[in-house]
Amino acid sequence: MNENTSNPIIEMSGVSKWFGDFQVLKDVSLQVFSGERVVVCGPSGSGKSTLIRCINRLEEHQEGRIVVDGIELDQDTQHINKVRSEVGMVFQQFNLFPHLTVLENCTLGPMKVRGLSKKEAEALAMEYLQRVRIPEQAAKYPGSLSGGQQQRVAIARSLCMQPRIMLFDEPTSALDPEMIKEVLDVMIDLAESGMTMICVTHEMGFARTVAHQMVFMDEGRIIERSPPAQFFSEPEHERTKLFLSQILSH
Amino acid sequence: MSRSTSRYRWSWVDSVVLLGIIGFFGFIGYRVNTVLVYQWDWGFLPGYLFRWDEETQSLLPNLLVKGLLTTLRLAFWSIILATLIGFVTGMMRTSRRLFPQAFSRLYVELIRNVPPIVFIFVFYFFISSQIIPLLGLDTLDQRLGPTGQSVVEFLFGPVSLLSNTFSGIFCLALFEAAYITEIVRSGIQSVSVGQREAAMSIGLSRWQQMRYVVLPQAVQRVIPPLAGQFIILIKDSSIVSLISIQELTFLTLEVANSTQRVFEVWVFVAGVYFVLCYSCALIFRRLEMRLDSSRI
Ligand SMILES: Nc1ncnc2c1ncn2[C@@H]1O[C@H](COP(=O)(O)OP(=O)(O)OP(=O)(O)O)[C@@H](O)[C@H]1O
Ligand SMILES: [Mg+2]
């Protein structure tokens with residue numbers, strides 16, 4: 001890890017969360033350092049989405065502390081907005097704004113949150129649309145793009161906020177197989193540029209090439225955390241072995 | 001779609017329906033002609049539309065056209081006012097805060113659960129008679145210059161009737177805004193949570209999420225039901241005749257009383273309302289199609 005290891009950019013300690021009586025996260029602690037890439041996996045319902053959604057406060061945790069880039073996530077809306085503008089998020093369902101063009105999707109945040117002029121924002125947006133290899137679609141509406149193209153626009157939209165951290169929640173799960181690669185390629189590029197990334201994904205090939213750390217979750221707990229080489233060859237827990245054998249068998 | 005609807009096939013059902021319709025109107029016509037022995041006479045009508053003014057040597061609107069103009073102004077301004085109020089209270093309905101929620105809920109329920117006629121009287125005696133004098137409309141004609149007066153007259157009708165017209169506008173707007181509130185609420189709630197979350201995740205504040213992401217999508221979805229409500233508003237505008245607002249229905253009543261040509265007058269006015277509402281429906285349908293095709 002390239003920066004000072006004593007100061008993680010994301011620090012979760014003892015985080016617990018309940019939906020009603022149901023405890024989704026159980027005393028979760030996780031540190032992520034600047035430039036580090038973490039892939040989170042685990043069975044459905046184990047709390048992966050909830051975990052990363054807590055990092056930009058799409059979900060509120062009830063116990064423990066979450067500090068992102070030196071800012072603690074508490075009830076202070078200013079803290080929350082500050083963290084959100086530093087943390088990009090890519091969703092399984094893309095969630096592009098259908099009433100705005102691709103370009104407008106990308107310029108909305110920079111203009112309204114960062115206060116850039118339209119011209120500056122558009123230049124920035126074109127730069128990132130170039131990076132996700134889709135500049136020619138800038139004037140179109142999201143509805144006329146393929147799933148893979150939409151997801152790449154969603155990545156560009158997040159990048160336009162020039163975040164320090166990117167969160168991905170199963171970004172390829174809603175895509176047809178032939179489109180998965182174009183999205184993963186963009187994510188690999190992003191990884192190579194040194195972005196701090198937390199990805200929930202079942203794309204194990206991607207995880208092997210990109211991840212510094214694998215995190216395995218089950219029933220709201222982080223059960224295992226190790227570098228991919230170790231994670232895939234000699235997982236420590238029975239639960240992890242079972243999961244890997246299921247997911248790698250097809 | 002146009003294929004299947006443009007090619008009708010005549011079946012026995014159509015014959016039965018057609019016979020039924022002919023029979024019904026035949027019966028009505030028979031009753032009117034033989035039992036009521038009513039002498040139709042439309043000759044008086046033009047005189048109540050326009051009158052010749054000797055003083056200025058020009059044709060001026062008479063009662064029925066005056067009423068129509070008032071109805072048009074009344075509808076126009078209450079549509080605008082009701083939409084404004086409805087959007088504000090509609091957003092309040094979806095607020096997370098207790099007070100705006102409770103207030104807008106109370107407003108909607110109060111109005112929806114009281115008959116319109118009762119609401120109008122309550123409004124007239126308790127609200128409008130208190131508020132309208134505060135606007136100082138009665139002395140407005142003294143304070144306005146001649147150009148000011150003609151502008152006001154063009155927008156709101158005769159200056160001498162301003163308080164009267166404004167009571168009507170407020171009354172209708174407050175009444176219809178309750179229904180618009182619910183339309184707007186359902187429009188806002190129809191925008192998926194994912195849209196809001198995406199807006200949050202790029203750091204937009206709550207108001208910005210509403211303004212740039214949720215509302216534009218909600219507005220597009222509420223245009224058809226909103227158009228329907230506007231047409232209802234135009235029709236409902238006739239009930240403010242009960243508090244003596246000088247609009248079409250009110251003046252029609254006067255004409256009917258003074259001429260005794262009850263049948264002709266009401267048939268004529270029914271036609272006027274129909275043309276008014278139907279042309280509105282056509283305009284909104286156009287608008288909707290334009291909006292639909294503008295984004296692909
Ligand atoms: N808003 C909510 N209200 C109630 N329960 C919820 C809510 N969101 C998630 N849950 C529950 O919390 C648990 C964890 O959900 P989460 O979405 O974090 O799981 P996940 O690991 O991302 O699963 P998947 O692989 O299916 O996406 C699930 O059992 C889910 O049913
Ligand atoms: Mg999930």
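Values in this document were obtained by computation on a predicted structure and should not be read as measured data.

Quick word on the overall build of chain B
In step 1: When helices and strands are counted, chain B shows 13 helices and two strands.
In step 2: Here the C-alpha atoms of chain B give a radius of gyration of 24 Å, more than 25% beyond the 19 Å that 2.2 N^0.38 yields for 296 residues.
In step 3: The principal-axis extents of the C-alpha atoms in chain B amount to approximately 75 × 70 × 35 Å.
In step 4: Counting all 296 residues of chain B, 40% fall into the buried class.
In step 5: Distance between charge centres in chain B, computed from 24 positive and 18 negative side chains, equals 16 Å.

Thoughts on the sheet that holds strand S3 (residues 37-41) of chain A
Residue and element names in this part refer to chain A.
In step 1: Reading across the sheet, the six strands line up as S6-S7-S8-S3-S9-S10 and stay open at both edges, with mixed pairing between neighbours. Each having just a single partner strand, strand S6 (87-90) and strand S10 (221-226) make up the two edges of the open sheet. On average, adjacent strands in this sheet sit at an angle of 20 degrees to one another, irrespective of strand direction.
In step 2: By the bridge criterion, five bridges tie strand S9 (residues 213-218) to S10 in an arrangement that is antiparallel. The residue of S10 that forms the bridge with Met217 is Ile222.
In step 3: Relative to S6, helix H2 (residues 77-86) is tilted by about 65 degrees, and along the sheet it contacts S6 and strand S7 (165-169).

A few points about the environment of B:Ser237
Residue and element names in this part refer to chain B.
In step 1: Within the element layout of this structure, Ser237 appears in the loop between helix H11 (206-236) and helix H12 (248-259).
In step 2: What makes Ser237 buried here is its relative accessible area of 0%.
In step 3: Separated by 46 residues in the primary sequence, Ser237 and Ile283 place their C-alpha atoms 19 Å from one another.
In step 4: Residues within four places of Ser237 in sequence aside, it is in contact with Thr71, Leu74, Leu172 and Glu247.

Examining the site of ligand 1
Residue and element names in this part refer to chain A.
In step 1: As a structural note, the neighbourhood of ligand 1 is formed by Phe19, Phe22, Val24, Pro43, Ser44, Gly45, Ser46, Gly47, Lys48, Ser49, Thr50 and Glu170.
In step 2: Here Glu170 contributes a side-chain N or O atom positioned 3.3 Å from an oxygen atom of ligand 1.
In step 3: For ligand 1, the protein covers 58% of the area, taking 640 Å² as the surface of the free molecule.
In step 4: Looking at the shell around ligand 1, the elements that each hand over two or more residues are strand S2 (22-32) and helix H1 (48-55).
In step 5: Among the elements that make up the shell around ligand 1, the one with the highest residue count is H1 (three residues).

Re the pattern of salt bridges
In step 1: This model, assessed by the stated rule, comprises 17 salt bridges over all chains.
In step 2: The partner of A:Lys241 in a salt bridge is A:Glu238, and the shortest N-O contact between them spans 3.4 Å. Taken together, the residues A:Lys241 and A:Glu238, both in helix H9 (residues 238-248) and three residues apart, mark about one turn of the helix.
In step 3: The class for A:Lys241 is partly exposed, based on a relative accessible area of 37%.
In step 4: For B:Glu109, the salt bridge goes to B:Arg112, with nearest N and O atoms at 3.6 Å. Of this pair, B:Glu109 and B:Arg112 both sit in helix H5 (residues 98-112), three residues apart, which is roughly one turn of that helix.

Looking at the packing of aromatic side chains
In step 1: Per the stated rule, a full pass over the model turns up 18 aromatic pairs over all chains.
In step 2: A connected cluster of aromatic rings, assembled from ring pairs, spans B:Phe76, B:Trp77, B:Phe156, B:Phe166 and B:Phe170.
In step 3: Across the ring face of A:Phe97, the terminal group of A:Arg157 is positioned such that the distance to the ring centre comes to 4.5 Å.
In step 4: Above the face of the A:Phe232 ring, A:Arg208 is positioned so that its terminal group lies 4.3 Å from the ring centre.

Here's the deal with the interface of chain A and chain B
The accessible area lost on association of the parts is a frequent measure of interface size.
In step 1: Each side of the interface is counted separately: chain A has 21 residues, and chain B has 18 residues.
In step 2: Between chain A and chain B, the buried area comes to about 1,800 Å², and carbon and sulfur atoms account for 62% of it.
In step 3: For the pair chain A and chain B, the number of links is one salt bridge.
In step 4: Where chain A packs against chain B, one counts six residue pairs in polar contact (both at pLDDT 80 or more).
In step 5: Breaking the side of chain A that touches chain B down by element, the ones donating at least two residues are H2, S6 and helix H3 (102-112) of chain A.
In step 6: Taken together, the residues of the side of chain A that touches chain B sort by class into eleven nonpolar, six polar and four charged.

What to know about the sheet that holds S2(A)
By way of backbone hydrogen bonds, the strands of a sheet pair with one another, either parallel or antiparallel.
All names here are of chain A.
In step 1: Within the open sheet, the four strands sit side by side as S2-S1-S4-S5. Their pairing is antiparallel. The outermost strands of the open sheet, each flanked by one partner alone, are S2 and strand S5 (71-72).
In step 2: Inspection of the sheet shows strand S4 (residues 63-68) paired to S5 by two bridges, in the antiparallel sense. Paired with Val68 across the two strands is Ile71, which belongs to S5.
In step 3: Its contacts with the sheet put H1 on strand S1 (10-19), S2 and S4, and the angle it makes with S1 is roughly 120 degrees.

Some thoughts on the side chain of A:Ser226
In step 1: The topology assignment puts A:Ser226 in strand S10.
In step 2: In contact with A:Ser226, other than residues within four places in its own chain, are A:Gln213, A:Met214 and A:Phe231.

Let's talk about the pairing of strand S1 (residues 50-53) of chain B
Residue and element names in this part refer to chain B.
In step 1: Taken together, the four bridges between S1 and strand S2 (residues 58-61) define a ladder with antiparallel strand orientation. If you follow Trp52 over to S2, its bridge partner there is Leu59.
In step 2: Between the end of S1 and the start of S2, which pair antiparallel, lie four residues, with Gln57 showing a positive phi angle near 55 degrees.

Here we look at H2(A)
Structurally, the α-helix is built with 3.6 residues per turn, so residues lying three or four positions apart point the same way.
In step 1: Within H2(A), the full set of buried residues consists of A:Ile80, A:Val83, A:Arg84, A:Ser85 and A:Glu86.
In step 2: Looking at the buried residues of H2(A), the elements they touch are H1, S4, S5, S6 and S7 of chain A together with helix H10 (193-201) of chain B.
In step 3: With a side-chain oxygen positioned 2.9 Å from the backbone nitrogen of A:Gln78, the residue opening H2(A) is A:Asp76.

Regarding unusual backbone geometry
Residue and element names in this part refer to chain A.
In step 1: Of note, Arg57 is a non-glycine position whose phi angle comes to about 65 degrees, a positive value.
In step 2: According to the relative accessible area criterion, Arg57 is buried, its value standing at 9%.
In step 3: The phi dihedral of Phe94 falls on the positive side, at around 65 degrees, and the residue is not glycine.
In step 4: Here Phe94 is to be found in the loop between S6 and H3.
In step 5: Accessibility expressed as a relative area gives 11% for Phe94, which makes it buried.

Conventions we followed
Residues numbered from 1 in each chain as written. Chains lettered and ligands numbered in written order. Predicted model: local features only at pLDDT ≥ 70, side-chain atom pairs only at ≥ 80, totals over all residues. Heavy atoms only, no water. Helix = DSSP H or I, 4+ residues; strand = E, 2+ residues; numbered from the N terminus. Rg over C-alpha atoms; globule rule 2.2 N^0.38 Å. Buried < 20%, exposed > 50% of the residue type's maximum accessible area, 1.4 Å probe, protein only. Lys, Arg positive; Asp, Glu negative; His and termini not counted. Charge placed at Lys NZ, Arg CZ, Asp CG, Glu CD. Pairing = 2+ DSSP bridges. Axes fitted to C-alpha atoms, helices over the stretch in contact; angles between N-to-C directions. Contact = heavy atoms within 4.5 Å. Near = heavy atom within 4 Å. Polar contact = N/O pair within 3.5 Å; in protein donor to acceptor, adjacent residues only side chain to side chain. Areas by Shrake-Rupley, 256 points an atom, 1.4 Å probe, with all protein chains shown as cover. Salt bridge = Lys/Arg side-chain N within 4 Å of Asp/Glu carboxyl O. Phe/Tyr/Trp six-rings, centres within 6.5 Å; stacked < 30°, edge-to-face > 60°. Lys NZ or Arg CZ within 6 Å of the ring centre and 35° of its normal. Buried area = accessible area lost by both parts, 1.4 Å probe. Nonpolar A, V, L, I, M, F, W, Y, C, P; charged D, E, K, R; others polar.

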